[in-house]
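Overview (structure and organization)
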Amino acid sequence: MSKVVINDDKSQLDVAKIHDFLTHHSSWAKGISQATVTTSIEHSICFGAYLNAEQVGFCRVITDQATFANLVDVIVWPEHRGNGISRLLMAAVLQHPSVQHVRRFTLATSNAHGLYQKFGFTALSRPDSFMEIYKPDIYSQTG
């Protein structure tokens, strides 16, 4: 396998490809508009994974770069899974200056606990202290 390159250069991201995956293949953002994806990228630290100049992975971090960070939209396109790309993305995220001093770094996952545990993530230490407003169908609502 050729070398996978990870960087945080938003100008290299294939936003249309990211949008297509999120709206058609993700469990968490079905129906999301491309405008919403674009806005989310503009306001996040983003990482692209590239193999021979083709984008094969993506993730973003929502952070104030001082106290809190949240990892979201972790994607490795299906035809490239099993090649360590998610591990490379995670290593790049955790080495990024924007998260070096945050007190709390969170993420939500339904099926990749093992991956994230390898990078130090654990279940919430105090789940009773967390609350949320959750609108899982917001992107599929009309009007």
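Here is what the cut-offs are and how they apply
- Residues numbered from 1 in each chain as written.
- Predicted model: local features only at pLDDT ≥ 70, side-chain atom pairs only at ≥ 80, totals over all residues.
- Heavy atoms only, no water.
- Pairing = 2+ DSSP bridges.
- Helix = DSSP H or I, 4+ residues; strand = E, 2+ residues; numbered from the N terminus.
- Axes fitted to C-alpha atoms, helices over the stretch in contact; angles between N-to-C directions.
- Buried < 20%, exposed > 50% of the residue type's maximum accessible area, 1.4 Å probe, protein only.
- Contact = heavy atoms within 4.5 Å.
- Polar contact = N/O pair within 3.5 Å; in protein donor to acceptor, adjacent residues only side chain to side chain.
- Core = buried A, V, L, I, M, F, W, Y, C linked by side-chain atoms within 4.5 Å.
- Salt bridge = Lys/Arg side-chain N within 4 Å of Asp/Glu carboxyl O.
- Arc of directions from axis to C-beta.

The next thing to look at is the sheet that holds strand S4 (residues 68–76). Strand order in the open sheet formed by 5 strands is S1-S2-S3-S4-S5, with mixed pairing between adjacent strands. Of all the strands in the sheet, the pair left with one neighbour each is strand S1 (4–7) and strand S5 (104–107). In this sheet, adjacent strand axes meet at a mean angle of 20° when their direction is disregarded. Where strand S2 (residues 45–51) meets strand S3 (residues 54–63), 7 bridges bridge the pair, whose relative direction is antiparallel. Bridge pairing in S3 places Gly48 opposite Phe58.

By the secondary structure assignment, Ser98 is in the loop between helix H3 (85–95) and S5. For Ser98, a relative accessible area of 3% translates into the label buried. The spatial distance from the C-alpha of Ser98 to the C-alpha of Ala66 is 7.5 Å, given a sequence separation of 32 residues. If near-sequence neighbours (up to four positions away) are discounted, Ser98 is found in contact with Ile45, Thr63 and Gln65. Within the local environment of Ser98, its side chain forms a polar contact with the side chain of His96, the two groups lying 2.8 Å apart.

Further remarks concern the nonpolar core. Among the nonpolar cores identified, the biggest contains 23 residues, and Phe47, Val61, Leu71 and Phe105 are the most heavily contacted of them. Beyond its immediate stretch of four places on either side in the chain, Phe105 contacts Val61, Ala69, Asn70, Leu71, Val93, Leu94, Val99 and Phe121. Core analysis: the next-biggest nonpolar cluster, separate from the first, contains 13 residues, Ile18, Phe21, Leu22 and Cys46 among them.

This part is about the pattern of salt bridges. Tallied over the entire structure, the rule returns 2 salt bridges. Residues Glu54 and Lys17 are paired through a salt bridge, measuring 3.3 Å at the closest nitrogen-oxygen approach. Taken together, the positions of Glu54 in strand S3 and Lys17 in helix H1 (residues 15–25) put the pair 37 residues apart, joining distant regions of the chain. The exposure class of Glu54 is partly exposed, given its relative accessible area of 35%.

What follows covers helix H2 (residues 34–42). Inspection of H2 places Val37, Ser40 and Ile41 among the buried residues, and these make up the whole buried set. Each buried residue of H2 lies within a common arc of 100° when the element is viewed along its axis, so the set occupies one face. Relative to its buried face, H2 has exposed residues pointing more than 90 degrees away, namely Ala35 and Glu42. Where the residues of H2 are buried, they touch H1, S2 and S3.

Function-wise, these values are silent; they only describe arrangement.
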